[in-house]
Every structure is written in structure tokens, then in C-alpha cells.
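What follows is each chain in one-letter form.
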Amino acid sequence: MNRRALLLGTLGLCTSLAGCASGGDDAAERSTASTETEAASTTETPRRPRLVGRSFTPVRADACPADGALATETETGFSVVGCVSGATECTIARLARADYDADADTATLVVEAVERTDVKNCAESPVARGYEATLRFESGLPGRAVVVHDDAGGRREVARVDADA
């Protein structure tokens, strides 16, 4: 009889220890899983800047920058004030292109001078046409912004800003 009581007691003890051991393994697995998840999130690929907005507004050419454009870095992107030159009084400033090349980490703004087609008899007289433009970014700023004019003076880079590191 004592043998049966001893066996039943031993069996009960083993069963209760097995339950504790399996709960401990689950807790260890959960701890390992959360550690692996945390490690995976810290090695995430860094996000690149993304162009999310652009604006272009023709303005009076009262005070054109000497080099054709003045570009400055803002908190969310770049701001440009400039003037393009035209061959006739019917010339207008127009945004030709505004984009971001992630591989080169460069934002490019191209402004062109074009002749209005809805007006006749434009006097041939050199003119300057002013503009203001902005580029807005998310997830940081590009390393560089370049402003290009395509006007009566040809196609050329007129301003460049290297973002603060």
C-alpha cells in the first residue's frame, strides 16, 4: 500500500512539474519572439526624402537675383526666387519640371521662358519674368537642390543648395 501511495504521489508531483516546465518554455519562447521583433525593427532601411508638394507662382521681376535665381533651404524643403529672360514682351515663366532623383539625392527645378500663343504682335524686346517656387518633402531633405533656367540665355544651372548635414 505504501508503494501505491508513493507512486501516486510521485506521479502527481511529476505532472505538476511538467505543467510548470511547459509554461516556462512558452514564456521563454514569447520573450525570444519579442526580442527578435525588436531587433528586426531597429535594422529597418532608412527612409529617403519624398517630394510631396510643389508650387510655382509668376511674380513681378522688380528685384531679380544677379545670378538669375536664389534658392534657400527651408524646414520642409527648398524655396526659390528667380527671373528668366525672354526675347519678346509675350514671354512668360513656366515650371517645366520639378522632381527628386533618389539615387543622386538631388531635387531639380527647371523653369523655362515660353512665348504666349494667345497674343499677337509681341514687341521684340528683352524682358525678365519673375517667379517664386517651392518644393516640399517628407522624411527629410535631399542632399542637394538644383535650379535650371531654360530661357533666352540658353539652358544653364543658376542656383544650387547643399542641404545641411
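Sequence order as written defines the numbering, with residues in each chain counted from 1. For a predicted model such as this one, the threshold for reporting local features is a pLDDT of at least 70, and the threshold for listing and counting side-chain atom pairs is 80 or more; totals across whole chains, interfaces and linings nevertheless cover every residue. The side-chain quantities take in all heavy atoms of the structure and omit both hydrogens and water.

## Topic: the pattern of salt bridges
Within this document, salt bridges are pairs made up of a side-chain nitrogen of Lys or Arg and a carboxyl oxygen of Asp or Glu, the two lying within 4 Å of each other. Within this structure, the stated rule accounts for 10 salt bridges. With its nearest N and O atoms 3.7 Å apart, the salt bridge here joins D103 to R48. Of this pair, D103 sits in the loop between β4 (91–101) and β5 (106–115) while R48 sits in the loop between α1 (2–42) and β1 (50–59); the two residues are 55 residues apart in sequence, bridging distant segments of the chain. Between D151 and R156 there is a salt bridge, and its shortest N-O distance comes to 2.7 Å. Per-residue accessibility, obtained with a 1.4 Å probe over protein chains only, is compared with the maximum for each type, and a residue is labelled buried under 20%, exposed over 50%, and partly exposed between these values. Taking relative accessible area as the criterion, D151 reaches 11% and is therefore assigned buried. By relative accessible area, R156 is classed as partly exposed at 32%. Helix and strand definitions follow DSSP, with helices as H or I runs of at least four residues and strands as E runs of at least two, each counted in order from the N terminus.

## Comments concerning unusual backbone geometry
Its identity is not glycine, yet N121 carries a phi of approximately 60°, on the positive side. One non-glycine residue, S139, lies in the positive phi region at around 60°. The exposure class of S139 is partly exposed, given its relative accessible area of 32%.

## Notes on the sheet that holds β1
Strand order across the open sheet formed by four strands is β1-β6-β3-β2, with antiparallel pairing between neighbours. Only two strands of the sheet have a single neighbouring strand rather than two, namely β1 and β2 (69–73). Adjacent strand axes in the sheet meet at a mean angle of 20°, parallel and antiparallel pairs treated alike. Pairing of strand β3 (residues 77–88) with strand β6 (residues 124–138), which is carried by 11 bridges, proceeds in the antiparallel orientation. Residue pairing for β6: C83 is matched across the bridge by G130. Any two strands with at least two DSSP-identified bridges between them are counted as paired. Angles here are taken between N-to-C directions and fall from 0 to 180 degrees, while the axes themselves are lines fitted to C-alpha atoms, restricted in helices to the stretch in contact.

## Observations concerning the packing of aromatic side chains
Two rings from Phe, Tyr or Trp (for Trp, the six-membered ring) form a pair when their centres sit within 6.5 Å of each other. Planes less than 30 degrees apart are called stacked, planes more than 60 degrees apart edge-to-face, and all others tilted. A complete count under the given rule lists three aromatic pairs for this structure. When the ring of F56 is compared with that of Y131, the centres are 5.4 Å apart and the planes differ by 20°; the resulting orientation is stacked. You can see F56 sitting in strand β1 and its partner Y131 sitting in strand β6, a full 75 residues away along the chain. For Y131, a relative accessible area of 0% gives the class buried. Taken together, a centroid distance of 5.8 Å and an interplanar angle of 80° make the contact between Y100 and F137 edge-to-face. Taken together, the residues span a long stretch of sequence, with Y100 in strand β4 and F137 in strand β6 at a distance of 37 residues.

## Brief notes about the pairing of strand β7 (residues 144–151)
Looking along a regular strand, one sees the side chains alternate between the two faces of the sheet. Burial runs high along β7: six of the eight residues are buried. Strand direction decides the pairing type here: β5 and β7, joined by seven bridges, are parallel. Looking across to β7, one finds that V111 is bridged to H149. Here β7 pairs with strand β8 (residues 154–162) via eight bridges, running antiparallel. Within the sheet, the bridge partner assigned to V148 lies in β8 and is E157. If you look at the hairpin formed by β7 and β8, you'll find two residues sitting between the two strands.

## With respect to empty space enclosed by the protein
With a 1 Å grid laid over protein atoms only, a set of points is called a cavity when a 1.4 Å probe fits there but cannot get out and a pocket when it is open yet has protein on both sides within 12 Å along at least five of seven lines; lining residues have an atom within 4 Å of a point. Grid points are joined across faces, edges and corners, and a volume is the space filled by probe spheres set on the points. On inspection of all chains with the given rule, the structure shows one cavity of 30 Å³ or more. Elements with a minimum of two residues in the lining of the largest cavity: β3 and β7. At three residues, the largest contribution of residues to the lining of the largest cavity is made by β7.

## Topic: the sheet that holds β4
Read from one edge of the open sheet, four strands run β4-β5-β7-β8, paired in mixed fashion. Two strands in the sheet have a free side with no partner beyond their single neighbour: β4 and β8. Geometrically, the sheet is characterised by an average inter-axis angle of 20° between neighbouring strands, direction not taken into account.

The values are spatial; any link to function lies outside them.
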